[in-house]
Amino acid sequence: MAKKPTWVVAKERDKRAAAAETLWLFGLHAVRDALSNPRREKLRLIVTKNAADKLADAIAAGGLEPELVDPRKFNAPLDKGSVHQGAALEVKPLDWGSLTDVALGEGAPRLVLLDRVTDPHNVGAILRSAEVFGARAVIGPRHHSAPETGALAKTASGALERQPYLRVRNLADAIAELQAMGWIVLGLAGEAEETIEAALEGRRDRAVALVLGAEGPGLRQRTREVCDGLVRIDFAGGFGSLNVSNAAAVALYAARP
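Rules used throughout
In this convention, every chain numbers its residues from 1, walking through the sequence in written order. With pLDDT at 70 or above as the cut-off, local features in this predicted model cover only qualifying residues; side-chain atom pairs require 80 or more to be listed or tallied, and sums for whole chains, interfaces and linings still use all residues. To get the side-chain values, take all heavy atoms of the structure and skip hydrogens and water. Two strands pair if DSSP finds at least two bridges between them. Secondary structure is summarised from DSSP: a helix means a run of H or I of at least four residues, a strand means a run of E of at least two, and numbering begins at the N terminus for each. We call two residues in contact whenever any of their non-hydrogen atoms come within 4.5 Å of each other. Each pair of aromatic rings taken from Phe, Tyr and Trp, with Trp reduced to its six-membered ring, is defined by centres within 6.5 Å and is described as stacked if the planes are under 30 degrees apart, edge-to-face if over 60, and tilted in the remaining cases. Only lysine NZ and arginine CZ atoms are considered, and such an atom sits over a ring when it is within 6 Å of the ring centre and within 35 degrees of the ring normal. Interaxial angle, 0 to 180 degrees, is taken between N-to-C directions of lines fitted to C-alpha atoms, where a helix line uses only the stretch in contact.

Q: Teacher, can you tell me more about the sheet that holds strand β3 (residues 67-68) here?
A: In sheet architecture, strand pairing relies on hydrogen bonds along the backbone and comes in two forms, parallel and antiparallel. Read from one edge of the open sheet, 4 strands run β1-β4-β2-β3, paired in mixed fashion. The open sheet has two edge strands with one neighbour each: β1 (23-26) and β3. Of the strand pairs in this sheet, strand β2 (residues 42-47) and strand β4 (residues 87-91) are connected by 5 bridges, and their pairing is antiparallel. Residue I46 lies in a different strand from β4, and its bridge partner there is A88.

Q: Looking at this model, I keep getting lost on unusual backbone geometry. Mind explaining?
A: Across the chain, the bulk of peptide bonds are trans and the bulk of non-glycine residues have phi less than zero. Despite not being glycine, R116 shows a phi value in the positive range, around 60 degrees. Within the fold, R116 resides in the loop between β5 (110-115) and α6 (120-132). A positive phi angle is found at S157, which is not glycine, with a value near 50 degrees. Position of S157 relative to the elements: it lies in the loop between α7 (150-156) and β7 (165-168).

Q: Would you mind showing me how to read the side chain of D33 here?
A: Within the secondary structure, D33 is located in helix α2 (residues 28-35). Leave out the neighbours within four places in its chain, and D33 touches S157, G158, E161 and R162.

Q: How should the packing of aromatic side chains be read in this particular structure?
A: In this description, a pair of aromatic rings is defined by centroid distance and the angle of the planes. In total, this model carries 1 aromatic pair according to the counting rule given. Against the face of Y253 rests R256, its NZ or CZ located 3.9 Å from the ring centre.

Q: Can you help me understand the sheet that holds strand β10 (residues 208-213) in this one?
A: Strand order in the open sheet formed by 7 strands is β7-β6-β5-β10-β8-β11-β9, with parallel pairing between adjacent strands. Bordering the open sheet on either side are β7 and β9 (194-195), each of which pairs with just one other strand. Across 6 bridges, the pairing between β5 and β10 is parallel. Considered in β10, the bridge of R110 is made with V208. Lying over the sheet, helix α8 (residues 171-180) contacts β5, β6 (137-141), β7, β8 (184-188) and β10, oriented at roughly 160 degrees with respect to β5.

See the structure below:
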């Protein structure tokens, strides 16, 4: 019997791992939004009596029988210090489809691509901004990016249930795929000469993807090379630094159609 190629074995292993993956969401807001989301596969709900009363409508909508526990013996497997407010929900990660699924469509859509942004609080905040400014999706690499976690969901304040968050095998390949579909891909770099506004002058009716790197290292060299251009945020005066979640919000506003 012929031996399977290494890439096939790796792909099958990743698929099995994804099928087995679950996460615990916590906090009233995150749990309520997940319970109310028909796309979210829900497995187990642990709540205190007080939290169950506050979530009564969402629990009814979610169709999952809650496990009532004593507040002093809250037994959900959460990280120490998680502010759970008496509610924790085990779920499967959301499936938002492929890059093509979110990239194709009418109008002048916007995307946010993240190059090794691993902090779940930053990614959660970026999901909120992406939802506010109408971005199609937030996309990061499968490895070296923040996976769906309870901390990310809590920071996203409900946006995780509504805002597509995709993780792709290779970011440079995803950029090339977008370019082949007609997207303009702009990488944010503090030392770039051109501002976002200047780069999009006369082209705001086009599909635009903004690529942001992690704080400190910024965009990797390979990512810089495959972008259509590097741009910067137009700061006032000599000040020129924002954390990545704030930069994403300002960039989305500057790139609006």
